[in-house]
Amino acid sequence: MNSNDTLIPHIGVVTDIRIDTPDVKTFRVVSPEGGKVFEHMPGQCAMLSIPGVGEAMFSITSSPTNKEFMEFSIKKCGCLTNWLHMMDVGQQITIRGPYGNAFPVDTELKGKDLLFIAGGIGLAPLRSVINYVRDNRADYGDVQIVYGSRSKEDLVDYQEIISEWMNDNGVQVNLTIDNAQEGWDGHVGFVPDYVKELAPSTNKTVLVCGPPIMIKFTLAGLKEIGFTETQVYTTMELRMKCGVGKCGRCNIGNKYVCKDGPVFRYDELGELPDEY
Amino acid sequence: MLRISIDKIDELFAAASAKQTLYIPADRDGTAEFTKWENGIRLSNSLNTVRSVKDFFFPQTENLVDFKLKGKNIEINDIREECEDFVIFGVRACDARSFTILEKVYLADPVDSFYKNRRDHGTVVTMACTRPSETCFCGVFGIDPTAPEGDAACWSDGKYYYFEAYTDKGQKFIDSVSSLLEDGDTADLEKVKEATKNILSRLPLANLSTESFGGDKLNEYFNSEKWAELSESCLGCGTCTFVCPTCQCYDIRDFDTGNGIKRYRCWDSCMYSDFTKMAHGNPRLTQLERFRQRFMHKLVYFPANNNGEFGCVGCGRCLSRCPVSMNIVKVMKALEVK
Ligand SMILES: Cc1cc2nc3c(=O)[nH]c(=O)nc-3n(C[C@H](O)[C@H](O)[C@H](O)COP(=O)(O)OP(=O)(O)OC[C@H]3O[C@@H](n4cnc5c(N)ncnc54)[C@H](O)[C@@H]3O)c2cc1C
Ligand code: SF4
Ligand code: SF4
Ligand code: FES
């Protein structure tokens, strides 16, 4: 048989491993011949696996404007992710995708002032959009990024944030950590409260990603300031196996998160049953 | 119409199986299952098989791909092979319609090549029903068991089996046995069909209404307070999903053979507690949510995505097999919004 099947993966080679936080590492992946295994759009995901260990879905955190490699920021929390955290550069993995829809970077987000709100590992999918926007600067308005984690050590992509994002024109970064700690003179407090404090202009389009509880309070806060649901995008996370709407695992109502998501506009999500 | 005398059916099976593997419903320990035909295997008189015909196209387990790990390197072996031609004889109209439903999933882009391979090589010869049972409600979904779909169909009037082809594959099957067939009139067959239609109209579930179901009242049904009572007795055993010809959920797992890794898929069930379990929690914590998912999928979500078509064919398997007698009919009756 010579037809392709999305369930049969490709080989990827891990060429760089960056320690981001005590439990998050960022992995650089290329094909054995060099270059990316496939193209994607910001917000899309891929299934990574070590055969015999497990297979799981991860956001592609690098921007499609990066032509050399893909990156994944992965939090250690189980069988496969533990294994990935233990491996060394040069290890081969399997990869299939890209899966899901993307943030509407070429349509609804174009020309807009953008507000990114992220908590913890939730920065992973947003980083792809942020770097896409930075590489296509003329197509978008101002960019504001509000990002928070438990502690300074738990901020993913910290080096890139302070040495690149913070130095960009038209990009404002507001970092926060949950509790005060030595060596941190930035903001202290939870993301949803910080967003309200910052009182961003309500003409912005919002992209939010983080733990469910953070998203919930952030959305409530945004509404208080005067944002509407049609201005807010988020990504959903449900257990996945196939990635293409066939294994029947990841639905919310009649939508499959792997295929119809993971990106949803809040008003669309509001029409679905509350089961996520 | 082409026909063969009933007492010659074994000759027909022998001729067909000389060309390609043939499966027919045969009795085993008191129940009927599709069985590979060989001399001595007799066609069952049962109305339907316990396991549905989906087993042939979406088997309970199947190997997807093999891997070998060599140091830091991985070798991927695409083990797919073109499947051999086969015929399944005696498929009922409800099961035949289940393909339309499975195909909306498996043949939608990106095509599932494993399913398609088997569909491309499998010929489905259906058999019209004459003695529908009290658990049958295919008619509710617009299925006529006296005129089943399939690649070819077969009818019986008690004296002859009559054949008609609908597709090239069906014609190929009939050609493979044509030396045994003769042309004959269908007057008696028409009488049998009328008698069957008469039984169908008097079945206890003939008037079950699907009218209020579909995609429109999605949240209304989801939030119905009836789910608590309906799901109360459900054991979460998954039997209903495994016998169901339209249930299509699967898991993907790896098996270390000691000499390489086999990645396989196997049936899974939305009725199981770990189906949606994740590192940070489970959106379907109790059996209520899991039970609701199965029936919402068939009666509301599937039609919402497929122009109103339901995800059930009324085969009645979940009615006769559930250990606590819960089933889709009870759900429909309890839930119906008048
Ligand atoms: C669209 C999407 C995007 C994602 N993006 C990212 C990302 O960018 N970065 C990231 O770090 N993560 C991401 N994730 C989450 C990631 O997929 C999970 O963390 C990953 O599946 C964990 O795999 P594991 O094998 O390490 O954990 P597992 O070993 O599978 O276990 C994790 C936990 O789940 C439970 N569990 C799992 N399976 C079972 C079972 N069969 N029975 C009982 N309990 C079970 C266990 O309680 C265990 O503690 C994403 C998920 C989705 C759906
Ligand atoms: S839900 Fe029950 S009656 Fe309907 S197709 Fe499945 S097993 Fe048959
Ligand atoms: S409805 Fe019946 S057959 Fe289905 S999981 Fe529950 S107890 Fe088992
Ligand atoms: S992961 Fe299989 S349906 Fe979404």
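The structure this text deals with has already been given above.
Because the structure is predicted, anything quoted here is derived from the model rather than measured.

Calculation rules
- Residues numbered from 1 in each chain as written.
- Chains lettered and ligands numbered in written order.
- Predicted model: local features only at pLDDT ≥ 70, side-chain atom pairs only at ≥ 80, totals over all residues.
- Heavy atoms only, no water.
- Salt bridge = Lys/Arg side-chain N within 4 Å of Asp/Glu carboxyl O.
- Buried < 20%, exposed > 50% of the residue type's maximum accessible area, 1.4 Å probe, protein only.
- Helix = DSSP H or I, 4+ residues; strand = E, 2+ residues; numbered from the N terminus.
- Arc of directions from axis to C-beta.
- Contact = heavy atoms within 4.5 Å.
- Buried area = accessible area lost by both parts, 1.4 Å probe.
- Polar contact = N/O pair within 3.5 Å; in protein donor to acceptor, adjacent residues only side chain to side chain.
- Nonpolar A, V, L, I, M, F, W, Y, C, P; charged D, E, K, R; others polar.
- Near = heavy atom within 4 Å.
- Pairing = 2+ DSSP bridges.
- Axes fitted to C-alpha atoms, helices over the stretch in contact; angles between N-to-C directions.

**Here's the deal with the pattern of salt bridges**
Counted by the stated rule, this structure contains 43 salt bridges over all chains. In the salt-bridge network here, residues are joined through shared partners; they are R18, D20, R28, E71, R127, D157 and E160 of chain A.

**Quick notes on helix α1 (residues 9-19) of chain B**
All names here are of chain B. The complete set of buried residues in α1 reads I9, L12, F13 and A16. Viewed end-on, α1 has its buried residues packed into an arc of 100°, placing them on one side of the element. Buried-residue contacts for α1 involve β1 (2-5), β2 (21-28), β6 (86-91), β9 (160-165) and α4 (168-177).

**What about the interface of chain B and chain A?**
Taken together, the contact between chain B and chain A spans 51 residues of the former and 47 residues of the latter. Approximately 4000 Å² of surface area, both sides summed, lies buried where chain B meets chain A, with 54% of it carried by carbon and sulfur atoms. For chain B, the biggest contributors to the area lost against chain A are K72, I74 and R80 of chain B; these three give 16% of the whole. Scanning the region where chain B abuts chain A turns up six salt bridges. A salt bridge links E275 of chain A to R284 of chain B, with the shortest nitrogen-to-oxygen separation between them at 3.4 Å. Along the contact surface separating chain B from chain A lie 24 residue pairs in polar contact (both at pLDDT 80 or more). Only β4 (61-70), β5 (73-77), α2 (93-106), α3 (113-121), α6 (218-222), β11 (250-256), β12 (261-267) and α9 (287-305) of chain B provide two or more residues apiece to the side of chain B that touches chain A. The element contributing the most residues to the side of chain B that touches chain A is α9 of chain B, with seven residues. Class assignment of the residues belonging to the side of chain B that touches chain A gives a composition of 24 nonpolar, ten polar and 17 charged.

**Examining the site of ligand 3**
Taken together, C234, L235, G236, C237, G238, T239, C240, M271, C322, P323 and V324 of chain B are the residues near ligand 3. Of the residues assigned to the shell around ligand 3, the class counts are eight nonpolar, three polar and no charged.

**So, the sheet that holds strand β11 (residues 205-209) of chain A**
Residue and element names in this part refer to chain A. Sheet architecture is open: seven strands sit in the order β10-β9-β8-β7-β11-β12-β15, paired in mixed fashion. Taken across any chain shown, the strands that pair with only one partner, and hence form the sheet edges, are β10 (187-188) and β15 (263-265). Relative to β10, strand β9 (residues 171-177) is paired through two bridges, and the arrangement is parallel. Bridge assignment links T176 to a residue of β10, and that residue is H187. Here helix α2 (residues 123-135) sits on the sheet and contacts β7 (114-119), β8 (143-149), β11 and β12 (232-235); the angle it forms with β7, its principal contact strand, is near 155°.

**Thoughts on the site of ligand 2**
In the vicinity of ligand 2 lie 13 residues, with C244, C312, C315, G316 and C318 of chain B positioned nearest. Taken together, the residues of the shell around ligand 2 break down into eight nonpolar, two polar and three charged.

Read these as spatial facts, not as claims about activity.
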